[in-house]
Amino acid sequence: MRGLLCWLMLLLLLQPWETQLQLTGPRCHTGPLDLVFVIDSSRSVRPFEFETMRQFLMGLLPGLNVGPNATRVGVIQYSSQVQSVFPLRAFSRREDMERAIRDLVPLAQGTMTGLAIQYAMNVAFSVAEGARPPEERVPRVAVIVTDGRPQDRVAEVAAQARARGIEIYAVGVQRADVGSLRAMASPPLDEHVFLVESFDLIQEFGLQFQSRLCVRDLCNGVDHGCEFQCVSEGLSYRCLCPEGRQLQADGKSCNRCREGHVDLVLLVDGSKSVRPQNFELVKRFVNQIVDFLDVSPEGTRVGLVQFSSRVRTEFPLGRYGTAAEVKQAVLAVEYMERGTMTGLALRHMVEHSFSEAQGARPRALNVPRVGLVFTDGRSQDDISVWAARAKEEGIVMYAVGVGKAVEAELREIASEPAELHVSYAPDFGTMTHLLENLRGSICPEEGISAGTELRSPCECESLVEFQGRTLGALERTSANPNGLLNRSLAQLTARLEDLENQLANQK
């Protein structure tokens with residue numbers, strides 16, 4: 001009996017890989033999905049390696065719920081040119097797909113991966129080729145399998161594809177360039193980038209990818225009600241919240257900053273060094289910050305300024321009254337490129353962004369003013385004057401540096417202590433770990449605006465607080481040789497006159 005079992009196990013192990021994959025479990029009911037495989041068939045892919053890739057594709061098909069109203073599958077191959085093996089609309093039966101894949105002949109030329117992504121975006125995922133219209137909100141997924149370094153640019157076109165709603169998985173085999181894979185893939189990168197040591201091990205990715213498609217099923221098939229993200233787990237699911245926010249008792253909603261008032265202006269570096277794909281990550285990061293704010297006209301107001309060689313207000317503090325409106329406006333921001341004039345941006349923030357005309361609340365209401373600067377490199381102009389001026393104006397400054405950002409400049413921009421107001425990430429893909437620190441600083445119940453309430457400037461406590469700020473400002477400017485003393489005195493005089501007018505109006 002034991003010998004018979006051993007023979008059965010041996011026969012199972014000797015079966016073709018696509019059969020093994022099919023035996024791992026029942027077919028995955030993924031729900032509607034438009035899935036396009038983008039296969040590298042350049043000359044660097046040897047014949048036996050291409051055969052392994054062919055078996056990889058055929059091994060995935062039995063696990064997919066293929067059909068006109070379920071998963072539609074298309075395949076394109078590329079080298080120096082791009083060829084459609086079969087479009088999304090071509091087949092609704094796996095047998096027909098397998099036949100087309102068996103007949104696939106490699107192109108055996110160069111490696112124009114960027115050209116292939118552009119073809120997938122403009123042609124393979126078009127309605128004419130069989131993709132569902134955007135209004136049907138059917139997920140679009142591209143799986144790029146390559147073994148080398150692209151001979152053309154991939155970052156910009158991949159960013160465009162992701163912006164159009166295409167989720168990209170990048171699978172590198174053997175000689176593949178990791179940097180290019182990361183430039184192509186959708187975030188989070190640890191879930192969309194796979195590096196396989198050899199074509200023989202590509203089946204491991206096949207099993208992981210099939211399980212990722214199966215995860216889609218339950219969350220897509222039920223009204224889960226998750227505020228942020230739904231994750232399937234076997235026959236159940238659970239809701240997740242962004243970093244820095246906790247799941248509430250209902251198991252669906254996420255906590256927000258409450259019981260406070262903040263005027264928050266974000267200065268975002270849109271210089272050429274950021275690159276389009278990273279600018280999209282910055283926008284996503286900004287929206288993750290918005291997720292934990294209680295955005296409203298009475299609560300937190302948010303404004304956004306982009307800077308490069310010039311400065312542009314994308315939207316002022318007073319424009320949007322809900323988080324959804326702010327997030328939509330952030331996604332619509334267009335990348336500027338060019339230089340890095342951080343000093344010019346700080347001046348714009350001080351002189352315009354926190355003005356009442358732009359939506360900032362009057363100083364007499366004691367609403368904290370917070371500036372948050374994102375930058376990835378050295379400023380091309382002087383920042384010292386306007387960084388100091390911002391803090392003299394009572395703006396609490398945070399500096400977030402990425403990549404080649406200069407630590408000395410970040411510290412000069414930020415308020416003291418620098419340890420609480422400066423954050424750094426080595427690259428744009430790892431910025432999310434900064435969210436918890438920023439939440440603890442900006443959220444009213446945990447940070448600078450803890451316990452803030454709108455109170456009359458004529459109350460005793462307000463007058464004492466104002467006196468303390470006045471004396472502190474005088475001490476800071478008394479030894480300043482750059483003319484800041486006169487400017488500070490003029491500002492303090494204006495505030496005193498404002499208080500006198502309010503007192504007269506109350507009599």
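What you see is a predicted model; the values in this text were computed from it and never measured.

Asks: Can you help me understand the overall build of the protein in this one?
Replies: Of the regular secondary structure elements, the protein holds 18 helices and 14 strands. Sequence separation of at least 24 residues holds for 73% of the intrachain contacts in the protein that already meet a minimum separation of 6.

Asks: Mind showing me how you'd approach the confidence of the model for the protein here?
Replies: Caution applies to low-pLDDT regions: their predicted coordinates should not be interpreted in detail. Here the protein averages 77 in pLDDT, while 70% of its residues score no lower than 70. Considering only residues more than four positions removed or in separate chains, one finds that residues 1-26, a stretch of pLDDT under 50, has 19 contacts. In this model residues 472-485 is a low-confidence stretch, pLDDT under 50, and it forms seven contacts with partners more than four residues away in sequence or in other chains.

Asks: Help me out: how do you make sense of the state of the cysteines in this one?
Replies: By definition, a disulfide links the sulfur atoms of two cysteines through a covalent bond. Using the criterion set out here, one finds one disulfide in the structure. One disulfide in the model links Cys226 with Cys239; its S-S distance is 1.9 Å. Taking the sign of the S-S torsion, -75 degrees for the link of Cys226 and Cys239, the bridge is left-handed. Linking Cys226 in the loop between helix H9 (202-221) and strand S7 (229-233) with Cys239 in strand S8 (residues 236-240), this pair joins segments that are 13 residues apart in sequence. Summarising the burial analysis for this pair, Cys226 and Cys239 share the class buried.

Asks: Sorry, what's going on with the packing of aromatic side chains here?
Replies: Any aromatic ring pair is given by two values, namely how distant the centres are and how the planes are angled relative to each other. Applying the stated rule across the entire model yields four aromatic pairs. Measuring from centroid to centroid gives 5.2 Å for Phe315 and Tyr320, while their planes differ by 70 degrees, and the two rings are edge-to-face. In this structure Phe315 comes out as buried when scored by relative accessible area, which is 2%. Look at Tyr320 and you get partly exposed, because its relative accessible area is 25%.

Asks: Please explain the side chain of Gln77 as it appears in this structure.
Replies: With respect to the helices and strands, Gln77 occurs in strand S2 (residues 71-78). The exposure class assigned to Gln77 is buried, which follows from its relative accessible area of 0%. Polar side-chain contacts of Gln77 include one of 2.8 Å to the side chain of Ser41. A distance of 2.6 Å separates the side chain of Gln77 from the side chain of Gln83, its partner in a polar contact. Once you skip the residues sitting within four places of it in the chain, Gln77 turns out to touch Ile39, Ser41, Phe50, Val82, Gln83, Val85, Leu104, Val105, Pro106 and Leu107.

Asks: Honestly, the packing of helix H12 (residues 342-353) against helix H13 (residues 384-392) in this entry has me stumped. Any pointers?
Replies: At a minimum axis distance of 8 Å, the contact between H12 and H13 shows a crossing angle of 25 degrees. On the basis of the axis angle, H12 is roughly parallel to H13. For the element pair H12 and H13, the recorded crossing hand is left-handed. Residues Gly343, Leu346, Arg347, Met349, Val350 and Glu351 of H12 lie in contact with H13, whose contacting residues are Trp386, Ala387, Arg389 and Ala390. Here the contact of H12 with H13 is built from residues that sort into six nonpolar, one polar and three charged.

Asks: How should I be thinking about the sheet that holds strand S1 (residues 33-40) in this particular structure?
Replies: One key point about sheets: their strands pair by backbone hydrogen bonds, in either a parallel or an antiparallel sense. Pairing is mixed in the open sheet, where six strands are placed in the order S3-S2-S1-S4-S5-S6. On the outer flanks of this sheet lie strand S3 (82-86) and strand S6 (193-196), each paired with one strand and no other. Each adjacent strand pair in this sheet contributes to an overall mean axis angle of 20 degrees, direction not counted. Pairing of S1 with strand S4 (residues 140-146) involves six bridges; the strand directions are parallel. From the neighbouring strand, Phe37 faces S4, where its bridge partner is Val143. Its contacts with the sheet put helix H3 (residues 47-60) on S1, S2 and S4, and the angle it makes with S1 is roughly 170 degrees.

Calculation criteria
- The written sequence of each chain sets the order in which its residues are numbered from 1.
- Side-chain atom pairs in this predicted model are given and counted only at pLDDT of 80 or more, local residue features only at pLDDT of at least 70, and totals for whole chains, interfaces and linings cover all residues.
- To obtain the side-chain values, all non-hydrogen atoms of the structure were included, while hydrogens and water were left out.
- By definition, any uninterrupted DSSP run of H or I lasting at least four residues is a helix, any uninterrupted run of E lasting at least two residues is a strand, and each is numbered from the N terminus.
- Two residues form a contact once any of their heavy atoms are found within 4.5 Å.
- Looking at any residue, its pLDDT shows the predictor's confidence there, from 0 to 100.
- Counting rule for disulfides: a pair of cysteine sulfur atoms within 2.5 Å.
- Categorising residues by exposure relies on relative accessible area from a 1.4 Å probe, with only protein chains included: less than 20% of the type maximum marks a residue as buried, more than 50% marks it as exposed, and the intermediate range marks it as partly exposed.
- Here a Phe, Tyr or Trp ring, Trp counted by its six-membered ring, pairs with any other such ring whose centre lies within 6.5 Å, and the pair is stacked when the planes are under 30 degrees apart, edge-to-face when over 60, and tilted otherwise.
- For this analysis, a polar contact is any N or O atom pair within 3.5 Å, provided that within protein one partner can donate a hydrogen and the other can accept it, and provided that sequence-adjacent residues contribute only side-chain to side-chain pairs.
- Where helices are involved, their axes are fitted lines through C-alpha atoms of the stretch in contact, as for all axes, and angles between N-to-C directions lie from 0 to 180°.
- Relative orientations are named as follows: roughly parallel for angles under 35 degrees, roughly antiparallel for angles over 145 degrees, roughly perpendicular for angles from 65 to 115 degrees, and oblique for any other angle.
- Should the near helix be turned anticlockwise from the far one by less than a right angle, the crossing is termed left-handed; should it be turned clockwise, right-handed.
- Classification convention: Asp, Glu, Lys, Arg as charged; Ala, Val, Leu, Ile, Met, Phe, Trp, Tyr, Cys, Pro as nonpolar; all other residues, Gly among them, as polar.
- Paired strands are those between which DSSP finds at least two bridges.

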